[in-house]
Amino acid sequence: TTAECGRLYPAHAHKLYVLPDAVAPLPPPAERSQLALPLPPRYWLLVGTREPRKNADLFLRAWLDARRQHYDTPDLVVVGAPRDVAPELQRLNGVHWFEAIDDAGLARLYVDAERLWQPSYAEGFGLPVLEALAAGTPVAVAEGSALEEVAPGDMPRFDPHDRHLLAQLMIRLSRESVVGSAEQRRAFAQRF
């Protein structure tokens, strides 16, 4: 990519740098008892709600649809602020909000989650995806952005604009076993 950018923009080639292994690993996970809020025994994880491109409103509505249709849809732990979403989505039963969490607490959330969902429709890199994979946690990512490049090919993809199909995917994934192993996911994340 760097060489291609340099070829296309030769006047700026001297400004391009490659930083291998630029993603710093999270610290060891905190103990569950150290978290400010208790975690449900089974949950999915959503990290990031602040910007509209994170697509949290549509995702929460799809999760609610799935929950209404399938009783065994896991609870949802959200790292973000309730004020970032529509008022009717701020106090949903089964949604647990973590507004301020340190890196060790975030690492615990990744380790214990059944799956990280990243529904952004415009993502520049996808750090939460790599952090989850480094913890061995499976992911499901939106199509059409950098998320597709930072997730293994066997991880589910979905249209970030289609609430109905996203809810159907959630129902299916709440019933199915996870593809691949935690070791494979960790190895994939090590490439970054």
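Small disclaimer: the values here were computed from a predicted structure and weren't measured.

Draft legend 1. Here's a closer look at the overall build of the chain. Looking only at helices and strands, the chain features 6 helices and 6 strands. Overall, the chain shows an N-to-C arrangement of helices and strands of α-β-α-β-β-α-β-α-β-β-α-α. In terms of overall size, the chain behaves like a compact globule, its C-alpha atoms giving a radius of gyration of 17 Å where 192 residues would be expected to give roughly 16 Å. Judged by the C-alpha coordinates and their principal axes, the chain covers about 55 × 35 × 35 Å.

Draft legend 2. Spotlight on the environment of P128. Relative to the assigned elements, P128 resides in helix α4 (residues 127-134). When its relative accessible area of 12% is taken as the criterion, P128 is described as buried. Considered as a pair, P128 and Q90 are 38 residues apart in the sequence and their alpha carbons are 22 Å apart. With near-sequence residues (within four places) excluded, P128 lies in contact with V47, Y110, L116 and Q118.

Draft legend 3. Summary view of the packing of helix α2 (residues 56-69) against helix α5 (residues 163-175). Orientation of α2 relative to α5, taken along the N-to-C sense of each, is 50°, at an axis distance of 8 Å. Classified by the angle their axes make, α2 and α5 are oblique. Judged by the twist between their axes, the crossing of α2 over α5 is right-handed. Residues L58, F59, R61, A62, W63, D65, A66 and Q69 of α2 lie in contact with α5, whose contacting residues are R163, L166, A167, Q168, M170 and I171. Residues of the contact of α2 with α5, tallied by class, amount to 9 nonpolar, 2 polar and 3 charged.

Draft legend 4. Geometry of a negative patch on the surface. Judged by side-chain charge, E143, E148, E149 and D159 come together as a negatively charged surface patch. E148 sits in the partly exposed class, given a relative accessible area of 33%.

Draft legend 5. Here's a closer look at the nonpolar core. Ranked by size, the top nonpolar core spans 53 residues in total, and within it L45, L76, L109, W117, V129, V139 and M170 carry the most contacts. Top element by residues in this core is α2. It accounts for 8 residues.

Draft legend 6. Structural view of the pattern of salt bridges. Tallying each qualifying case throughout the model produces 14 salt bridges. Here R83 and E99 are joined by a salt bridge, their closest N and O atoms 2.8 Å apart. In this pair, R83 is assigned in the loop between β2 (75-79) and β3 (95-98) and E99 in the loop between β3 and α3 (103-112), connecting sequence segments 16 residues apart. Here R83 falls in the exposed class, since its relative accessible area comes to 60%. By relative accessible area, which is 49% here, E99 ends up partly exposed. Across the pair E183 and R186 runs a salt bridge, and its minimum N-O distance is 3.8 Å. You can see E183 and its partner R186 sitting in helix α6 (residues 182-190), 3 residues apart, about one turn around the helix.

Draft legend 7. Structural context of the packing of aromatic side chains. Here the structure, examined in full by the defined rule, presents 5 aromatic pairs. When the centroid spacing of 5.9 Å and the interplanar angle of 50° are considered together, the rings of F188 and F192 count as tilted. Among the aromatic residues, ring-to-ring pairing joins W44, F59, W117 and F158 into one connected group.

Conventions and cut-offs
Residues numbered from 1 in each chain as written. Predicted model: local features only at pLDDT ≥ 70, side-chain atom pairs only at ≥ 80, totals over all residues. Heavy atoms only, no water. Helix = DSSP H or I, 4+ residues; strand = E, 2+ residues; numbered from the N terminus. Rg over C-alpha atoms; globule rule 2.2 N^0.38 Å. Buried < 20%, exposed > 50% of the residue type's maximum accessible area, 1.4 Å probe, protein only. Contact = heavy atoms within 4.5 Å. Axes fitted to C-alpha atoms, helices over the stretch in contact; angles between N-to-C directions. Parallel < 35°, antiparallel > 145°, perpendicular 65-115°, else oblique. Left-handed = near helix turned anticlockwise from the far one by under 90°. Nonpolar A, V, L, I, M, F, W, Y, C, P; charged D, E, K, R; others polar. Patch = residues over 30% accessible without salt bridge, like charges linked within 9 Å, V, L, I, M, F, W, Y side chains within 5 Å. Areas by Shrake-Rupley, 256 points an atom, 1.4 Å probe, with all protein chains shown as cover. Salt bridge = Lys/Arg side-chain N within 4 Å of Asp/Glu carboxyl O. Lys, Arg positive; Asp, Glu negative; His and termini not counted. Charge placed at Lys NZ, Arg CZ, Asp CG, Glu CD. Core = buried A, V, L, I, M, F, W, Y, C linked by side-chain atoms within 4.5 Å. Phe/Tyr/Trp six-rings, centres within 6.5 Å; stacked < 30°, edge-to-face > 60°.

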